[in-house]
Amino acid sequence: MSYTFSDFGFKRFFSVPCALVDSYLKLADGPALKVILYLLSCEGCPGDGEIMAAAGISREALEDAVMFWREVGVLTPGGAAPENTTPPAPKLPEKAEESKQIPPSPPQPQGAKVVHASYAPKDIADMLKKDGGLKELF
């Protein structure tokens, strides 16, 4: 099957590095992909509010996405970006500590248990950093 773009006014384009797609498409979640695509399409450094509004994500999702891209080495903190890479990561203000209450888990049904693993992008990045074999697998 092939796909073509419908003509709805493409007038502006930007490039996405193949290395980003080849290495991180399977690892990055939706918000992380939205953030990196928005940053690649911008000129300059957009603010957090602009990124969140454009990508339709929460502050927490933005922070997780930025942490993921920093952990895998695509974004660097502050303004120090390595040559020939993506724009520097947006500076995130320190957020006040919030007391989050986690509701109790519902009782588990008896019988065979099926476990589905789900990892946040920052957890995947940590695992890749710690385990060279896992990095090679990805």
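Structure: see above.
How each quantity is defined
- Each chain has its residues counted from 1, running along the sequence as written.
- With the structure being a predicted model, the display of local features is reserved for residues of pLDDT at least 70 and the display and counting of side-chain atom pairs for 80 or more, all residues being used for whole-chain, interface and lining totals.
- Side-chain metrics in this entry use all non-hydrogen atoms of the structure; hydrogen atoms and water are not considered.
- Secondary structure elements are taken from DSSP: a helix is a run of H or I of four residues or more, a strand is a run of E of two residues or more, and numbering for both begins at the N terminus.
- Think of it in three bands: with a 1.4 Å probe and only protein chains considered, a residue is buried below 20% of the maximum accessible area for its type, exposed above 50%, and partly exposed in between.
- All accessible areas in this document rest on Shrake-Rupley with a 1.4 Å probe, and a residue is counted as covered only by the protein chains that are shown.
- Stacked, tilted and edge-to-face are the three classes applied to pairs of Phe, Tyr and Trp rings, where Trp contributes its six-membered ring and a pair requires centres within 6.5 Å; stacked means planes under 30 degrees apart, edge-to-face means over 60, and tilted covers the rest.
- The salt bridge criterion pairs a side-chain nitrogen of Lys or Arg with a carboxyl oxygen of Asp or Glu, the two atoms within 4 Å.
- Two distance rules govern patches: like charges are joined within 9 Å, and nonpolar side chains (Val, Leu, Ile, Met, Phe, Trp, Tyr) within 5 Å, applied only to residues with over 30% relative accessible area and no salt bridge.
- The term polar contact refers here to a pair of N or O atoms within 3.5 Å; inside protein, the definition further demands a hydrogen-donor-capable atom paired with an acceptor-capable atom, and it admits residues adjacent in sequence only when both atoms are side-chain atoms.
- For the purposes of this section, nonpolar cores are sets of buried Ala, Val, Leu, Ile, Met, Phe, Trp, Tyr and Cys residues that join through side-chain atoms within 4.5 Å.
- Between two residues, a contact is recorded if the distance between any of their heavy atoms is within 4.5 Å.

(A) Structural view of the overall build of the protein chain. Within the protein chain one finds six helices and zero strands. If you list the helices and strands of the protein chain from N to C, you get α-α-α-α-α-α. Put simply, the protein chain has 138 residues, and 27% of those count as buried. Carbon and sulfur atoms provide 55% of the accessible area of the protein chain, an area that totals close to 10,600 Å².

(B) Expanded view of the packing of aromatic side chains. Tallied over the entire structure, the rule returns two aromatic pairs. Judged by centre distance (5.7 Å) and plane angle (85 degrees), the rings of Tyr-24 and Trp-69 are edge-to-face. Highlighted residues: Tyr-24 in helix H1 (residues 18–24) and Trp-69 in helix H4 (residues 59–71), separated in sequence by 45 residues. Ring centres of Phe-68 and Trp-69 lie 4.8 Å apart, and the angle between their planes is 70 degrees; on these two criteria the pair is classed as edge-to-face. Accessibility assignment for this pair places Phe-68 and Trp-69 in one class, buried.

(C) Main features of the pattern of salt bridges. Taken as a whole and assessed by the stated rule, the structure comprises three salt bridges. Close ionic contact of Asp-48 with Arg-59 constitutes a salt bridge, the shortest N to O distance being 3.1 Å. With Asp-48 in helix H3 (residues 48–55) and Arg-59 in helix H4, the pair connects residues that are eleven residues apart, well separated along the chain. Among the ionic pairs, Lys-122 bridges to Asp-64, the shortest N-O distance being 3.6 Å. Placement of Lys-122 in helix H5 (residues 121–130) and of Asp-64 in helix H4 is noted, with a sequence separation of 58 residues between them. Since its relative accessible area comes to 28%, Lys-122 is described here as partly exposed.

(D) Quick look at a nonpolar patch on the surface. Taken together, Phe-14, Val-16, Val-21, Leu-25 and Leu-37 make up a surface patch of nonpolar side chains, about 380 Å² in accessible area. On the secondary structure map, Val-16 appears in the segment before H1.

(E) Molecular detail of the side chain of Asp-48. The buried category is assigned to Asp-48, whose relative accessible area is 8%. Within polar-contact distance, the side chain of Asp-48 engages the side chain of Arg-59 at 3.1 Å.

(F) View of the nonpolar core. Core analysis: the biggest nonpolar cluster contains 27 residues, and Phe-68 and Trp-69 have the highest contact counts within it. Looking at this core, the elements that each hand over two or more residues are H1, helix H2 (30–41), H3, H4 and H5. Among all residues touching Trp-69, those that are not within four sequence positions of it are Leu-20, Tyr-24, Ala-28, Ala-32, Leu-33, Ile-36, Val-74 and Leu-75.

Remember that the coordinates give geometry; whether it matters functionally is a separate question.
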